[in-house]
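# Residue-level structural notes
Chain by chain, the residues:
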Amino acid sequence: MEVSAVTGDGCALCDLPLGETAIAGEDGDRYCCRGCERVSLTLEDVPDAAVREGTDADPTEPDDPPPGTECAFFRVDGMHCSTCELFVERVAAASEGVERVAASYVSETVRIDYDPDETDEAELAEVLTGLGYTAYPRDDAVARRQAEDRTEARLIVGVLFGMVVMMQYVLLIYPLHVRPPYYDARTHEFLVEMVTSDVAVPFFVVLFALTSVVFFVTGRPIIRGAYVSLKTRNPNMDLLVTIAAGAAYAYSTLAVAVGRVDVYYDVTVAIVLVVTVGGYYESAVKRKAGDLLSALSSAQVEEARRYEPDGSTTTVDVAALEPGDRVLVPGGERVPVDGRVVEGEGAVDEAVVTGESLPVGKTEGDAVVGGSLLTDGALVVEVGAGAASSVDRIADLVWNLQSSSSGIQQLADRLATIFVPLVSVLALVVAALYLLTGAGLAAALLVGLTVLIVSCPCALGLATPLAVATSVREAMERGVVVFDETVFERVRDVDVVVFDKTGTLTTGRMEVLDAEGPDDLFERAAALERRSAHPVAGAIADAFGPGADAFDVGSDDDSAVTGGSAVETDGGVPEGERVGAAGADGPVPDAAAVTGEGGAEEPADDRVSDFSAYATGVGGVVDGQEVLVGHPDLFDDRGWTVPDELTEAVAAERTFGRLPVLVGRDGAAEGWVTVGDEPRDGWAETIAGLDARGVEVVVLTGDDEAAASFFREHDGVDEVYAGVPPEGKAETVRRLRSRGRTAMVGDGTNDAPALASADLGIALGGGTALAADAADVAIVDDDLASIETVFALSAAAGRRVKQNIGWAFCYNAIAIPIAIAGLLNPLFAAVAMGASSALVVTNSSRTLLPDGGEGND
């Protein structure tokens, strides 16, 4: 399926609707913003086939659902390999009413476009579950817990029945071949005579029944995977495991039927349980890692305060809103849906959607996006067309991307595509040779089956799960959460790493970076700003208020310019767009405290009177002096004088992408304060480390060019794309993937589509839940140095898997010739299999990375 980057009359890059601000590009196309235009002109569009040529993932976003159809997303437990993806897509697509299917085992997600007149979500879930998987709506937490309970129940049943089988082998079967020290000679002779006589038939029947439960109940997912691999003609590890366990089961049943006692039910039990336990342990470690991020916030709004015709407000579900409805948004709460301001003024933090690091002043007639945070003031918003939230739209886009991004074939599965046919042919050849040399049909068949029995040792089933589990656990101990086991294979071949800026390369927290002016004026400004919940106001209050650490500033007398940081940072401020503080025009009560998300409750200051909040700043009387803090436009509007040197200083600060704020008293500006967010500690070292690996580094941000200019000049950064919306970020990553395997590092909801569309998504744990959900890896402590840890762990994990598989094949190299010679017996099979498994377990338990950070192999 070829996916067009543009549909309908939207932006030529991201397909967003074109409003009044549409831009006619140099290439003749129309764009929603300059950021999308630059990406389109710089990165040539490529067909999805070209994208897949350099990566293992499929195209990013599926087409819009065909007309007259609906889209459903399902989580499918048990879909654990690329073979499962192909099988699920084929079978679901053949169901009545299904128009299109896209599956991804990486996210265990299936998207189905269907005709609601012919089928529904419940029937589709039954179709997928009927394949032997467990399917349910992706956001159904109860169904997910029930599926996990069923998996645990199957494992418990298998362990209990398996223990009974293995106990019989230890006490009765293995002593047939070597007398154990816990039996004297007479007891041993009696045992051999009993087990080899007719009275032992019921005993073997019981073993057969117990083993059948383990094989067909606990091993059901493995058998299903083998069936799927045969249907798709794509051999995998499930098929190899099933062949070995099934061969042991068939051999033992046939041996009992012809009166032999060399039965291998223990091999069937051991293989099924070891592989199942290994997979369960891996899943448990990943679930534990995921629990570290349970406190992540979500920007999706579920309820809204709707104005009724009589002027009252009613709390309603967001889904009940219709275009034209009016909703009240108090300060500190999120805007429920996209719309337009019809009453009030306020400062809106749109970082969750756009990536902009500073709030934007909104007044009557301005558009607002659903999911953005009103940091100050109060707004009445008229619901826009479609009554949808930008955050919800981004969430839908993420799910589309996840369901269409196919996973890679893991190393063990790739080996199975070669090993399964090889061992099968070898077993047939050995059986044929025995027949040609005069052996009976039963004897030849049994020898052929022994070759299959030893073809898949338990160690091979443990090789990947244990290495992955160790990698996930060790990553978790180092503050890195891995959601997808294929990460350690994918990250080794990354060619391009794309970084979001705000909240990723920078802290995302507003801080005073520099200032010049009288100390006593800044202290008065802090007292005034404590009345506002705006992030910039908070930064000034923290820097100059009571109890703050001394902030060295220049003054009119000494003209020294010093401050907290000399590093150019985030927060470009086109004139008249962003604000220093915001709220409703006019005075507010003395106890002007704002509570809710984004605001902190502050006590009133007796020094402040006549407080007023404007769209671009704040004003009031402090200690008898009239004080004004805000954008230069506010000073012009109020008729205050601004000296030329301050005008020049503010203009110079703005070129660095910072936010300069003027501070004045009694009708004249006397100083300025620069606010912005600083680069994260270690960001330069991280960029340098990737550059040393030969990895191309790209910065991709929703912030404007001024805010991103600093990174454009930094060594090691190859390209910078600024002013790009979330949908444009996803398309940018798609185009970059034509250069090779691409990783995306981000933290916000606006980064989620790009994280999902990349070959590898890395989210900072301090970001949003949607970003973490879209990613394959999350860095819990927001330490960018952990990106190097991911690369180092990946390399070490790859070596560990290969070592484990090497040990497993050593078993094959010894056991298969013995089986061909007809010398195999249950005791040798158990000892050899146990030894190889012990080596794999021991090897996997070793630390992957020593304290130095390099591989331990």
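About the thresholds
- Residues numbered from 1 in each chain as written.
- Predicted model: local features only at pLDDT ≥ 70, side-chain atom pairs only at ≥ 80, totals over all residues.
- Heavy atoms only, no water.
- Helix = DSSP H or I, 4+ residues; strand = E, 2+ residues; numbered from the N terminus.
- Buried < 20%, exposed > 50% of the residue type's maximum accessible area, 1.4 Å probe, protein only.
- Contact = heavy atoms within 4.5 Å.
- Areas by Shrake-Rupley, 256 points an atom, 1.4 Å probe, with all protein chains shown as cover.
- Pairing = 2+ DSSP bridges.
- Axes fitted to C-alpha atoms, helices over the stretch in contact; angles between N-to-C directions.
- Parallel < 35°, antiparallel > 145°, perpendicular 65-115°, else oblique.
- Nonpolar A, V, L, I, M, F, W, Y, C, P; charged D, E, K, R; others polar.
- Salt bridge = Lys/Arg side-chain N within 4 Å of Asp/Glu carboxyl O.
- Polar contact = N/O pair within 3.5 Å; in protein donor to acceptor, adjacent residues only side chain to side chain.
- pLDDT = per-residue confidence, 0-100.
- Core = buried A, V, L, I, M, F, W, Y, C linked by side-chain atoms within 4.5 Å.
- Phe/Tyr/Trp six-rings, centres within 6.5 Å; stacked < 30°, edge-to-face > 60°.
- Patch = residues over 30% accessible without salt bridge, like charges linked within 9 Å, V, L, I, M, F, W, Y side chains within 5 Å.
- Lys, Arg positive; Asp, Glu negative; His and termini not counted.
- Charge placed at Lys NZ, Arg CZ, Asp CG, Glu CD.
- Expected span 1.5 Å × (residues − 1).
- Left-handed = near helix turned anticlockwise from the far one by under 90°.

## What to know about the overall build of the protein
- From N to C terminus, the protein includes 28 helices and 26 strands.
- By the burial criterion, 56% of the 857 residues in the protein qualify as buried.
- For the protein, long-range pairs separated by at least 24 residues make up 71% of all intrachain contacts whose partners lie at least 6 apart in sequence.
- Within the structure as shown, the protein displays about 33,800 Å² of accessible surface, and the carbon and sulfur contribution to it stands at 54%.

## Thoughts on the pairing of strand β16 (residues 511-516)
- Across the six residues that make up β16, a large majority, five, are buried.
- Across five bridges, β16 lies against strand β21 (residues 668-676) in antiparallel orientation. Directly across from Glu511, in β21, lies its bridge partner Gly676.

## Re the sheet that holds strand β22 (residues 696-700)
- Here we have seven strands laid out as an open sheet, ordered β14-β26-β25-β24-β15-β22-β23, and mixed in their pairing. Because the sheet does not close on itself, it has two edges, and the strands there are β14 (480-482) and β23 (719-721). Direction aside, neighbouring strands of the sheet carry axes that sit 20° apart on average.
- As paired strands, β22 and β23 are joined by three bridges and run parallel to one another. In the sheet register, Leu700 faces β23, and the bridge partner there is Tyr721.
- Of the strands in this sheet, β14, β15 (496-499), β24 (742-746) and β26 (777-779) are in contact with helix α27 (residues 786-820), which crosses β26 at around 140°.

## Regarding the sheet that holds strand β19 (residues 625-630)
- Read from one edge of the open sheet, six strands run β16-β21-β20-β19-β18-β17, paired in antiparallel fashion. Looking along the sheet, the strands with just one partner apiece sit at the ends: β16 and β17 (608-614). The mean angle between the axes of side-by-side strands here comes to 20°, regardless of whether they run parallel or antiparallel.
- Here β19 pairs with strand β20 (residues 659-665) via four bridges, running antiparallel. By the bridge assignment for β20, Val629 is matched with Val663.
- Running over the sheet, helix α18 (residues 519-529) touches β16, β17, β18 (617-622), β19, β20 and β21 and is turned about 75° from β19.
- Contacts from helix α19 (residues 535-544) reach β16, β19, β20 and β21, with the element oriented near 65° to β16.

## As for unusual backbone geometry
- Notably, Arg233 is not glycine yet its phi reads approximately 55°, a positive angle.
- Along the polypeptide, Arg233 turns up in the loop between α8 (220-231) and α9 (237-257).
- We note that Asp610 has phi near 55°; this positive angle belongs to a residue other than glycine.
- Structurally, the position occupied by Asp610 is in strand β17.
- Using a relative accessible area of 57% as the deciding quantity, one classes Asp610 as exposed.

## Describing the packing of helix α7 (residues 201-218) against α8
- Running from amino to carboxyl end, α7 crosses α8 at an angle of 60°, the nearest separation of the two axes being 4 Å. The angle between α7 and α8 falls in the class oblique. Between α7 and α8, the contacting residues are Phe215, Phe216, Val217 and Thr218 on the first element and Arg220, Pro221 and Ile223 on the second.
- For the contact of α7 with α8, the residue count by class is five nonpolar, one polar and one charged.

## A look at the pattern of salt bridges
- Inspection of the entire model under this criterion finds 25 salt bridges.
- Residues Glu719 and Arg739 are paired through a salt bridge, measuring 2.6 Å at the closest nitrogen-oxygen approach. Of this pair, Glu719 sits in strand β23 while Arg739 sits in the loop between α24 (726-736) and β24, placing them 20 residues apart in sequence.
- Using a relative accessible area of 37% as the deciding quantity, one classes Arg739 as partly exposed.

## A short note on the side chain of Asp77
- Relative to the assigned elements, Asp77 resides in strand β3 (residues 70-77).
- Of the polar contacts made by the side chain of Asp77, one reaches the side chain of Tyr136; its length is 2.9 Å.
- The contact partners of Asp77, leaving out residues within four places of it in the chain, are Glu108, Tyr133, Thr134, Tyr136 and Ala147.

## Structural notes on the confidence of the model for the protein
- This prediction gives the protein a mean pLDDT of 76; 78% of its residues lie at or above 70.
- Of all helices and strands in the protein, the one with the weakest mean pLDDT is helix α2 (residues 48-54) (48), whereas β15 scores best (93).
- When the criterion is pLDDT under 50, residues 401-409 qualifies, and its contacts beyond four places in sequence or with other chains add up to 53 contacts.
- Under a pLDDT of 50 for its full length, residues 555-604 has, in the predicted model, 166 contacts with residues more than four places off or in other chains.

## Examining the nonpolar core
- If you look at the biggest cluster of nonpolar residues, it comprises 59 residues, and the most contacted ones within it are Tyr169, Phe204, Tyr264, Val267, Ile271, Ile453 and Val454.
- Of all the elements, α9 adds the most residues to this core, at eleven residues.
- In this structure, Val491, Val697, Ala722 and Leu793 belong to the second largest nonpolar core, which totals 40 residues.

## Considerations on α18
- Within α18, eight of the eleven residues are buried, which leaves the element mostly enclosed by the surrounding structure.
- Of the residues making up α18, those classed as buried are Leu521, Phe522, Arg524, Ala525, Ala526, Ala527, Leu528 and Glu529.

## Brief notes about the packing of aromatic side chains
- For the structure on display, the rule yields 13 aromatic pairs.
- The interplanar angle of 65° and the centroid separation of 6.1 Å between the aromatic rings of Tyr249 and Tyr265 together place this pair among those described as edge-to-face. Here Tyr249, found in helix α9, pairs with Tyr265, found in helix α10 (residues 265-291); they are 16 residues apart in sequence, far enough to count as distant.
- Residue Tyr249 is classed as buried on the basis of its relative accessible area, which comes to 12%.
- A relative accessible area of 1% places Tyr265 in the buried class.
- Among the aromatic residues, ring-to-ring pairing joins Phe208, Phe215, Phe216, Tyr249 and Tyr265 into one connected group.

## Remarks on a negative patch on the surface
- Together, Glu70, Glu96, Glu99, Asp117, Glu118, Asp120, Glu121, Glu123 and Glu126 give the surface a local cluster of negative charge.
- Here the negative patch gets three residues from one element, more than from any other, and that element is helix α4 (residues 121-129).
- Topologically, Glu121 is positioned in helix α4.
- On the basis of relative accessibility, which here comes to 33%, the residue Glu121 falls in the partly exposed class.

## So, α9
- Compared with an ideal rise of 1.5 Å per residue, which puts 21 residues at 30 Å, α9 spans 30 Å between its outermost C-alpha atoms and is within 8% of the ideal.
- The buried fraction of α9 amounts to 15 of the 21 residues, a majority that puts the element mostly inside the structure.
- Just downstream of α9, Gly259 is the residue with a positive phi angle, here 85°.

## Description of the packing of helix α5 (residues 141-173) against α7
- Running from N to C, α5 and α7 point in directions that differ by 150°, and their axes come no closer than 9 Å. By the angle class used here, α5 and α7 are roughly antiparallel. Between α5 and α7 the crossing geometry is left-handed. Along the contact surface, α5 presents Arg154, Leu155, Val157, Gly158, Phe161, Gly162, Val164, Val165, Gln168, Tyr169, Leu172 and Ile173, while α7 presents Phe203, Phe204, Leu207, Leu210, Thr211, Val213, Val214, Val217 and Thr218.
- Per-class residue counts for the contact of α5 with α7 are 15 nonpolar, five polar and one charged.

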